[in-house]
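Here is how the chains run, residue by residue.
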Amino acid sequence: MPRIWVEEITKGLYVLRVDDDRVKSFEAIWDLPEGATYNAYLLKTDGKTILFDGWKRSYEAEFIETLKGLTRIEDIDYIILHHTEPDHSGTLPKVLELNGYRAKVFGHPVAGRLVNGFYGIGDKMDFHAIADGEELKLGSRTLKFLHTPWLHWPDTICTYMVEDGILFTGDAFGGFSMPDKLFDDGELDEYLHYVKKYIVNVVGHYKEHISKSIDKLSGMNIEIRMIAPLHGLIWKNDTHKIIEYYRDIAEGKAKKGKVLIVYSSMYGFVEGAIDHIIAKLPKDSVKVFKFTDMEQDSISDALAEVPDSELIILGASTYEAGAFPMMEFFARQLAHKANYKKSVLMISSYGWGGAAARVIKNILSETNFEIRDTVEYRGRADEPILHEIDKSLDKLS
Ligand code: FEO
């Protein structure tokens, strides 16, 4: 049985959160031993019942039971879809079926097409495509809908609950992991690491839209007293902190001196050079991820370290006239998910002919990364090669 949280977070507004400790790979690609939460919300106000989003379909039975603890499902008047990725819309078909399709479903104009494509419910669903800035008056409460596309899909909206100052944000301002609390109370460093990982792994390809949406919200001059995202913690103590954290990660704000090293080494020849580099750098400033015959680190975790690094060192062996496969994949994800303006030092070893450095340079050639130097050698890194590496490090640090 998963851990389920239900709590009234302000008058008439409830969070329904499930902790997914079964998921191994978010979106079937990003490994997350830390798990994830799916947050839905239910508002009962002025004789109306409004459901905000839902959970992944694998928790459908639990969602329906949890919802029934708060309301008769037939009584739901409105369903607001902040983003239709199935980790939030998976329970929609069952809710609508039990509701008799009487609820009006509000979403971005793109959302109707998406949920119909996923679930084939377009004929039965009473869908209303909301306009940017449109309001729904509920007596004492007003919901104002904002288009915030590409956070993380084109269908993303935010809803501002005007009188309460609560912003429902879809994926935005969320994070991975299953925190042992609902709100941003107490120590937050560990959680913020999982927020960073979430931003890069999930929203990274569209990160320019994070700053655009934050600017849009800032320009509205609204007081945001609480942020209610679809993953992770609800922010009520310091909403400014998570907004600025998202901006910093989206814009790649570096920590002074931080170096990220990611390398593959089949027989220790790349590792010899990398160990030499690690020994020269301040211990606390380096994050290292490796693919060797003894260890296979997480590409998801390595990507999470890109935004706040100053320098990235890639070590790749040549493998069958190409780059070592894990490093080629990592370089492609750098280009696709974590395309930041960062300096790169390329280290590469080969047997009978070098190819890895060329392949990785090609992958990064039309990105924001700048390969500042390349040290490529046959077999082991001997003294002249280590000297060359020292000169590169001096130049780059
Ligand atoms: Fe949490 Fe993009 O869905």
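Higher on the page you've got the structure.
Caption draft 1: Structural context of the sheet that holds strand β1 (residues 3-10). Spatial strand order, β1-β2-β5-β6-β7-β8-β9: seven strands in an open sheet with mixed pairing. A strand with exactly one partner marks an edge of an open sheet, and here the two such strands are β1 and β9 (126-129). On average, each strand axis in the sheet is tilted by 20 degrees relative to the strand beside it, whichever way the strands run. Summarising the sheet, β1 and strand β2 (residues 13-20) pair through seven bridges and their orientation is antiparallel.

Caption draft 2: Highlighting the side chain of T66. Relative to the elements of secondary structure, T66 occurs in helix α1 (residues 60-68). If near-sequence neighbours (up to four positions away) are discounted, T66 is found in contact with I4, V6, L16 and W55.

Caption draft 3: Looking closely at the pattern of salt bridges. Tallied over the full model, the rule gives 29 salt bridges. For K197, the salt bridge goes to D301, with nearest N and O atoms at 2.9 Å. On the criterion of sequence distance, the pair formed by K197 in helix α5 (residues 189-203) and D301 in helix α9 (residues 299-304) is long-range, its members being 104 residues apart. We classify D301 as partly exposed; its relative accessible area is 21%. Note that D308 and K258 form a salt bridge whose closest N and O atoms lie 2.7 Å from each other. Of this pair, D308 sits in the loop between α9 and β17 (311-319) while K258 sits in the loop between α7 (239-251) and β15 (259-265), and the two are 50 residues apart along the sequence. According to the relative accessible area criterion, D308 is buried, its value standing at 6%. Classification of K258 as buried rests on a relative accessible area of 9%. Here the residues in one salt-bridge network are K196, K255, K258, E305 and D308, joined through shared partners.

Caption draft 4: Representation of the environment of G12 within the structure. For G12, the position within the fold is in the loop between β1 and β2. Distance in space between the C-alpha atoms of G12 and H128 is 24 Å, their sequence separation being 116 residues. Setting aside residues up to four positions removed in sequence, G12 forms contacts with L42, L43 and K44.

Caption draft 5: Broad picture of unusual backbone geometry. Cis rather than trans, the peptide bond between L151 and H152 has omega equal to 20 degrees. Along the polypeptide, H152 turns up in the loop between β11 (142-147) and β12 (157-161). The phi angle at E27 is positive, at roughly 55 degrees, despite the residue not being glycine. Within the fold, E27 resides in the loop between β3 (25-26) and β4 (30-31).

Caption draft 6: Looking closely at α1. Looking only at α1, the buried set comprises E60, E62, F63, I64, T66 and L67. Looking at the packing, one finds that the buried side of α1 touches β1, β2, β5 (36-45), β6 (48-52) and α3 (92-99).

Caption draft 7: Representation of the nonpolar core. Among the nonpolar cores identified, the biggest contains 90 residues, and I79 and L314 are the most heavily contacted of them. When residues in this core are grouped by element, the largest group, nine residues, is from α5. Two domains each donate at least three residues to this core, and these are domain 1 (4-251) and domain 2 (259-396). Contact partners of L314, with chain neighbours within four places excluded, come to V262, M327, F330, L334, V344, L345, M346, I347, I360 and L364. Of all hydrophobic cores here, the second largest spans 26 residues; its members include I50, Y78, F145 and L182.

What counts as what
- Within any chain, residue numbers begin from 1 and follow the written order of that chain's sequence.
- The predicted nature of this model means local features are confined to residues of pLDDT at least 70 and side-chain atom pairs, given and counted, to a pLDDT of 80 or more, with totals for whole chains, interfaces and linings taken over all residues.
- Only hydrogens and water are set aside; all other atoms, that is, all heavy atoms of the structure, feed into the side-chain values.
- Here, a strand pair is defined by DSSP locating no fewer than two bridges between the strands.
- A helix here means a DSSP run of H or I that spans at least four residues, while a strand means a run of E at least two residues long, and both kinds are numbered starting from the N terminus.
- In this analysis an axis means a line fitted to C-alpha atoms, helices contributing only their contacting stretch, and an angle means the value between N-to-C directions, from 0 to 180 degrees.
- A contact between two residues is defined here by any heavy atoms of the two lying within 4.5 Å.
- A pairing counts as a salt bridge when a side-chain nitrogen of Lys or Arg comes within 4 Å of a carboxyl oxygen of Asp or Glu.
- Burial classes: relative accessible area under 20% of the type maximum marks a residue as buried, over 50% as exposed, and values in between as partly exposed (1.4 Å probe, protein chains only).
- Take the buried residues of types Ala, Val, Leu, Ile, Met, Phe, Trp, Tyr and Cys, join any two whose side-chain atoms come within 4.5 Å, and each joined set is a nonpolar core.
- Source of the domain bounds: an automatic or database domain assignment.

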